[in-house]
Amino acid sequence: MKKILWISAFLLVLCGCNDKVAFSELKRLHFDELDQKLEQREDMVVYFGWTQNCEDSIHFQENYLADHLSEDSAFLELYESLIVQLKQLCDDREGEVLVLNGSGSSGMEAALLNFLSSGEELLVIDSGRFGSRFALMAKRMDMIPHLYDVKQQGVVDTAMLEQMLSAYPAIKAIAFTYSDTSTGLLMDPKRIGAFARKHQLLSIMDGIGGVIMNPFSMKESQIDVCIMASQKGFWMSPGLCMIALSPTALTRLNPQAPTYVFHFYEMLQKQKQNALLQYTPAVSLYFALHQALCILNSRPITYWNQFYQRQYERLYTIITEANGCIKQAPSLSRSVLLFTTSKSASRLQQRLEQEFQIRIELGLDDQEDRILRIGNMARYSEEELNALAH
């Protein structure tokens, strides 16, 4: 394991370097040596990587990671722990979980590719920019999406779902975003899941900006596919997408899905054979995810739901007390705070960034200069909250 994950740093001291640097001028460093040089504030150029004269480089160029990580017991143990802990987080121990290299959007697209085929129909709940994205993706795959716009009423009316299903009886799945951070709308997974189960539809939920911050259980809601991403609620950098699959979803996977990298059926077959990797993993992110899950699962999920509720309320108080020109806009989700302003939102955004080094996002589409959005999907430090208050 140490040999696989050991990374060497090559350091080139700036003094005396010329335009053509030979490999003989590079010095190999361990990370502890690099730390010492950084503490001493030495001038240097650091290259993290592999050279043609490095034996490790040759191994990696021959796909060493993909070939050997699957045989490494320590990494397999970590991967298996990720799967178990993700099942615990989603409350669906009877299903399966896949970890993909990619953003949350890649998981949304992969879910459509693995459960639906060209020409098949699905119902998409349009709750805003992110909810409607399922329809845009489906169209590019030659699927037929039917949009149900809930942006005005803010909730899903099952009677309307029934009408749409009567009008389009060939619908095979229903796709929606749990927490749409463009509008602040929070869909009801239990209502949607129950409707889908009643009509034998597959339910696909984008839980990227909703899970952890808001209450969710796959078992209770009967949701079949839950898509999550490392940068939302897991306190990590972007780069990993996690897909939770219910037992029902496992029976409806397409073995001939038109994708190579994100082929769920093949990935699950490899997991059963204890050869867990479909491709070279983002190793550092796997370790970060494991650490995040250990923290999250050390307490009941209700603790984190309440944590984000309290943080939401504190952010609201700080913002409204410090800025008299803005008012809170309706938001059912605890993943995002929305504020309307009597002044230009973009000018206020610029002022906050220039004077206080605080970055607040604008609204989307036609709301761009009327709304400010603050994400509540990370753990803010006291220093950050105090800076926002002043």
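Residues numbered from 1 in each chain as written. Predicted model: local features only at pLDDT ≥ 70, side-chain atom pairs only at ≥ 80, totals over all residues. Heavy atoms only, no water.

Before we go on, may I ask you to explain the overall build of the chain in this structure?
Looking only at helices and strands, the chain has 16 helices and 16 strands in total. Out of the 390 residues belonging to the chain, those deemed buried represent 50%. Only carbon and sulfur atoms are counted for the fraction: they give 50% of the accessible area of the chain, which is about 19,500 Å². (Helix = DSSP H or I, 4+ residues; strand = E, 2+ residues; numbered from the N terminus. Buried < 20%, exposed > 50% of the residue type's maximum accessible area, 1.4 Å probe, protein only. Areas by Shrake-Rupley, 256 points an atom, 1.4 Å probe, with all protein chains shown as cover.)

Explanation requested: the pattern of salt bridges in the structure shown.
Close approach of charged atoms lets side chains of opposite charge pair. Here the structure, examined in full by the defined rule, presents eight salt bridges. Here arginine 197 makes a salt bridge to aspartate 224, at a shortest N to O gap of 3.1 Å. A residue pair is termed long-range when its members are at least 10 positions apart, and arginine 197 in helix H9 (residues 189-198) and aspartate 224 in the loop between helix H10 (218-221) and strand S11 (225-229) qualify at 27 residues. Judged by its relative accessible area of 33%, arginine 197 is partly exposed. Several salt bridges share partner residues, and in doing so they unite Asp126, Asp149 and Lys151 into one network. (Salt bridge = Lys/Arg side-chain N within 4 Å of Asp/Glu carboxyl O.)

Just checking my understanding: could you explain the packing of aromatic side chains for this structure?
Any two aromatic rings considered together are summarised by their centre-to-centre distance and by the angle between their planes. By the definition in use, this model includes seven aromatic pairs. Centroid distance phenylalanine 115 to phenylalanine 264: 6.4 Å. Interplanar angle 70 degrees. Geometry classified as edge-to-face. In this pair, phenylalanine 115 sits in helix H6 (residues 104-115) while phenylalanine 264 sits in helix H12 (residues 264-272), placing the two residues 149 residues apart along the sequence. Of the residues examined, phenylalanine 264 reaches a relative accessible area of 0% and is grouped as buried. Members of the aromatic cluster, joined through ring pairs, are Trp235, Tyr303, Trp304, Phe307 and Tyr308. In this arrangement the basic side chain of arginine 299 is found over the ring face of tyrosine 303, its NZ or CZ atom lying 4.2 Å from the centre. In this structure, arginine 334 packs its charged tip against the face of tyrosine 312, placed 4.2 Å from the ring centre. (Phe/Tyr/Trp six-rings, centres within 6.5 Å; stacked < 30°, edge-to-face > 60°. Lys NZ or Arg CZ within 6 Å of the ring centre and 35° of its normal.)

Can you help me understand helix H5 (residues 73-90) in this one?
Owing to its 3.6 residues per turn, the α-helix brings residues three or four apart onto one side. End to end, H5 covers 26 Å across 18 residues, agreeing with the expected 26 Å (1.5 Å per residue, within 8%). Buried within H5 are the following residues: Phe75, Leu76, Leu78, Tyr79, Leu82, Ile83, Gln85, Leu86, Lys87, Leu89 and Cys90. One or two residues past the end of H5 sits aspartate 91, with phi positive at roughly 60 degrees. (Expected span 1.5 Å × (residues − 1).)

Looking at this structure, how should I read the sheet that holds strand S4 (residues 96-101)?
Through backbone hydrogen bonds, the strands of a sheet pair up, either in parallel or in antiparallel fashion. Across the sheet, seven strands lie side by side as S4-S12-S11-S10-S7-S5-S6; this open sheet has mixed pairing. Pairing within the sheet leaves two strands with one partner each, and these edge strands are S4 and strand S6 (144-149). Strand-to-strand twist in this sheet, taken as the mean axis angle between neighbours without regard to direction, amounts to 20 degrees. Here strand S5 (residues 121-126) runs beside strand S7 (residues 171-177); their pairing, made up of four bridges, is parallel. Its bridge partner being in S7, valine 124 is matched across the sheet by alanine 175. H5 rests against S4, S11 and strand S12 (240-245) of the sheet, and its axis sits at about 115 degrees to S4. Across the sheet, H6 touches S4, S5, strand S10 (202-206), S11 and S12, and the angle it forms with S11 is around 155 degrees. (Pairing = 2+ DSSP bridges. Axes fitted to C-alpha atoms, helices over the stretch in contact; angles between N-to-C directions. Contact = heavy atoms within 4.5 Å.)

Explain the nonpolar core here, please?
Across soluble globular proteins, nonpolar side chains have a tendency to be buried as a group. Membership of the largest hydrophobic core comes to 51 residues, with the highest contact counts inside it found for Ile125, Ile212 and Phe234. If you tally residues by element for this core, the top one is H5, at eight residues. The contacts of isoleucine 212, once residues within four sequence positions are left out, are Leu89, Gly233, Phe234, Leu296, Ile301, Trp304, Asn305 and Tyr308. Grouped together as the second largest cluster of nonpolar side chains are 35 residues, Phe115, Leu202, Ala229 and Ala249 included. (Core = buried A, V, L, I, M, F, W, Y, C linked by side-chain atoms within 4.5 Å.)

Can you walk me through the packing of helix H8 (residues 158-167) against H9 in this structure?
Axes are the key here: two packed helices are described by the angle between their axes and the distance separating the axes. Here H8 crosses H9 at 35 degrees, and the two axes come no closer than 11 Å. For the pair H8 and H9, the sense of crossing is right-handed. Of the residues in H9, those touching H8 at Thr158, Leu161, Glu162 and Leu165 are Arg191, Phe195 and Lys198. (Left-handed = near helix turned anticlockwise from the far one by under 90°.)

Honestly, a negative patch on the surface in this entry has me stumped. Any pointers?
A cluster of acidic residues, Asp32, Glu33, Asp35 and Glu39, forms a negative patch at the surface. Within the secondary structure, glutamate 39 is located in helix H2 (residues 31-39). (Patch = residues over 30% accessible without salt bridge, like charges linked within 9 Å, V, L, I, M, F, W, Y side chains within 5 Å. Lys, Arg positive; Asp, Glu negative; His and termini not counted. Charge placed at Lys NZ, Arg CZ, Asp CG, Glu CD.)

Sorry if this is basic, but what is going on with the environment of aspartate 91 here?
Tracing the sequence through the fold places aspartate 91 in the loop between H5 and S4. Given a relative accessible area of 26%, aspartate 91 falls into the partly exposed group. Separated by 128 residues in the primary sequence, aspartate 91 and lysine 219 place their C-alpha atoms 6.0 Å from one another. Beyond its immediate stretch of four places on either side in the chain, aspartate 91 contacts Ser217, Met218 and Lys219.

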